[in-house]
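# Coordinate inspection notes
What follows is each chain in one-letter form.
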Amino acid sequence: MPAASGGLKARGNAEVDLAWSDGALTKATIRAGSPLRAALRYGNREKRLNLRAGETADLNAELIASSANRT
């Protein structure tokens, strides 16, 4: 797996960037192109997001939000 995957399109008009280290997720960034309600899963963790159009959520490997920004 590459160290980073960017610009992935997801259901609900979202764009996802992922960063990896030694095969494990280190960061996920989700950008909402329109209002977005989504559930993200990684391992046994789950994070529910509710973003407005233009908002970005940065999540760490524990799926804990380090920031949410409106662009």
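Provided above is the structure to which this section pertains.
Residues numbered from 1 in each chain as written. Predicted model: local features only at pLDDT ≥ 70, side-chain atom pairs only at ≥ 80, totals over all residues. Heavy atoms only, no water.

## Focus: the overall build of the chain
Put simply, the test is: Strands here are runs of E lasting at least two residues and helices are runs of H or I lasting at least four, both read from the DSSP assignment and numbered beginning at the N terminus. Put simply, the radius of gyration uses C-alpha atoms, and a globule should come to 2.2 Å times the residue count raised to 0.38. In this scheme, a residue with accessible area under 20% of its type's maximum is buried, one over 50% is exposed, and one in between is partly exposed, where area comes from a 1.4 Å probe on protein chains only. Whether two residues touch is decided by their heavy atoms; if any such pair falls within 4.5 Å, the residues are in contact. Residue-level accessible areas treat just the shown protein chains as cover; the underlying method is Shrake-Rupley with a 1.4 Å probe. Here Asp and Glu are counted as negative and Lys and Arg as positive; His is not counted, and neither are the chain ends. By convention, the charge on Lys lies at NZ, on Arg at CZ, on Asp at CG and on Glu at CD.
Along the chain, the regular secondary structure elements total zero helices and seven strands. Secondary structure elements of the chain occur, N-terminal to C-terminal, as β-β-β-β-β-β-β. In summary, the chain has a C-alpha radius of gyration of 11 Å against a globular reference of 11 Å for 71 residues, a match within 12%. Its C-alpha atoms give the chain principal-axis dimensions of about 35 × 20 × 20 Å. When each of the 71 residues of the chain is scored for burial, the buried share is 27%. For the chain, restricting intrachain contacts to residue pairs at least 6 apart in sequence, the fraction spanning at least 24 positions comes to 16%. On the chain, roughly 4,600 Å² of surface is accessible, and the fraction owed to carbon and sulfur atoms is 49%. Counting 11 positive and 7 negative side-chain charges, the chain places the averaged centre of each group 8 Å from the other.

## Section: the nonpolar core
This is how it is decided: The set of buried Ala, Val, Leu, Ile, Met, Phe, Trp, Tyr and Cys residues whose side-chain atoms join them within 4.5 Å is what this entry labels a nonpolar core.
By size, the foremost hydrophobic cluster in this structure holds 13 residues, and its most contacted members are I30, L36, L49, L51 and L59. Looking at this core, the elements that each hand over two or more residues are β2 (14–21), β3 (24–32), β5 (45–51) and β6 (55–60). Element by element, the count of residues in this core is highest for β3, at four residues.

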